[in-house]
Amino acid sequence: MRSTETLTRAAIAEAIHRKLGLSRAESLAMVESILMHMCQSLAEGENVKISGFGTFLLRDKGERVGRNPKTGVEVPITPRRVLTFRASQMLKDRIAES
């Protein structure tokens with residue numbers, strides 16, 4: 001069964017607040033700091049690996065020809081960098097248990 005709920009920054013900060021006893025402001029600052037560090041690393045072209053969770057990978061896609069599905073007209077798709085996520089085996093196993 002799929003959940004319709006979404007885990008948010010605030011929910012993560014609240015969990016840190018409850019488990020570690022930090023203030024809510026400190027907990028939110030910690031979450032923001034971690035996310036900012038991850039974003040900066042990705043922006044600099046580095047992959048981000050979180051052991052036991054997964055890896056955020058940057059991939060460069062070359063120029064290619066696409067097609068408008070409605071009209072069938074071919075259009076060039078410009079090269080770009082995309083972000084992908086590859087879950088660790090540990091995360092896959094935990095999800096499969098649910």
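Below: a short report on this structure. Counting of residues starts from 1 at the beginning of each chain's written sequence and follows it residue by residue. Selection of residues for local features in this predicted model requires a pLDDT of at least 70, selection of side-chain atom pairs for listing and counting requires 80 or more, and totals for whole chains, interfaces and linings are taken over all residues. Values shown for side chains rest on all heavy atoms present in the structure; no hydrogens or waters enter the calculation.

Working definition: helices are DSSP H or I runs of at least four residues, strands are E runs of at least two. Numbering for both runs from the N terminus. Along its length, the protein carries three helices and five strands. Mapped from its N terminus to its C terminus, the protein presents α and β elements in the order α-α-β-β-β-β-β-α. Atoms considered for the radius of gyration are the C-alpha atoms alone. The globule rule reads 2.2 Å times the number of residues to the power 0.38. A compact globule built from 98 residues would reach a C-alpha radius of gyration of about 13 Å, whereas the protein, at 19 Å, exceeds it by more than 25%. Only protein chains enter the accessibility calculation, which uses a 1.4 Å probe. A residue is then buried if its area is under 20% of the maximum for its type, exposed if over 50%, and partly exposed in between. A burial count over the protein gives 14% of its 98 residues as buried. Only the protein chains shown count as covering a residue, and every accessible area follows the Shrake-Rupley method with a 1.4 Å probe. Carbon and sulfur atoms provide 56% of the accessible area of the protein, an area that totals close to 8,300 Å².

This next bit is on the packing of aromatic side chains. Aromatic rings from Phe, Tyr and Trp, with only the six-membered ring used for Trp, were paired whenever their centres fell within 6.5 Å, and each pair was classed as stacked if the ring planes differed by under 30 degrees, edge-to-face if by over 60, and tilted otherwise. In this structure the tally under the stated criterion is two aromatic pairs. With 5.4 Å between their ring centres and 50 degrees between their planes, Phe 53 and Phe 85 make a pair best called tilted. Taken as a pair, Phe 53 in the loop between β1 (48-50) and β2 (54-61) and Phe 85 in strand β5 (residues 80-87) lie far apart in primary sequence, 32 residues in all. Residue classification places Phe 53 among the partly exposed residues on the basis of a relative accessible area of 35%. Consider the rings of Phe 56 and Phe 85, whose centres lie 4.9 Å apart with planes at 50 degrees: the pair is tilted. Residue Phe 56 is located in strand β2, and its partner Phe 85 is located in strand β5; the two are separated by 29 residues in the primary sequence. Pairwise contacts between aromatic rings join Phe 53, Phe 56 and Phe 85 into one cluster.

A separate point is the packing of helix α1 (residues 9-20) against helix α2 (residues 24-43). Working note: a packed helix pair is described by the angle between its axes plus the distance between those axes. To define axes, lines are fitted to C-alpha atoms, for helices over the stretch in contact only, and angles between the resulting N-to-C directions are given on a 0 to 180 degree scale. The geometry of α1 relative to α2 is characterised by a closest axis approach of 8 Å and an angle of 125 degrees between their N-to-C directions. It follows from the interaxial angle that α1 and α2 lie oblique. When you trace α1 past α2, the crossing you get is right-handed. Each of Arg 9, Ile 12, Ala 13, Glu 14, Ile 16 and His 17 in α1 lies in contact with α2, whose residues at this interface are Arg 24, Ser 27, Leu 28, Met 30, Val 31, Glu 32 and Leu 35. Residue composition of the contact of α1 with α2, by class: seven nonpolar, two polar and four charged. These descriptions rest on fixed angle ranges, namely under 35 degrees for roughly parallel, over 145 for roughly antiparallel, 65 to 115 for roughly perpendicular, and the rest for oblique. In this scheme the handedness of a crossing depends on how the near helix is turned from the far one: anticlockwise by less than a right angle means left-handed, clockwise means right-handed. Here, residues are in contact when the closest pair of their heavy atoms is within 4.5 Å. Three categories are distinguished: nonpolar for Ala, Val, Leu, Ile, Met, Phe, Trp, Tyr, Cys and Pro, charged for Asp, Glu, Lys and Arg, and polar for the others, with Gly belonging to the last.

Any Lys or Arg side-chain nitrogen located within 4 Å of an Asp or Glu carboxyl oxygen qualifies as a salt bridge. Overall, the coordinates contain five salt bridges when judged by the stated rule. A salt bridge links Glu 14 to Arg 18; the nearest nitrogen and oxygen atoms lie 3.8 Å apart. In this pair, Glu 14 and Arg 18 are both assigned in helix α1, four residues apart and thus about one turn of the helix distant. Assessed through its relative accessible area of 24%, Glu 14 is described here as partly exposed. Arg 18 sits in the exposed class, given a relative accessible area of 58%. Salt-bridge contacts for Glu 14 lead to Arg 24; the nearest nitrogen and oxygen are separated by 3.1 Å. Taken as a pair, Glu 14 in helix α1 and Arg 24 in helix α2 lie far apart in primary sequence, ten residues in all.

Distances and angles like these do not, on their own, reveal function.
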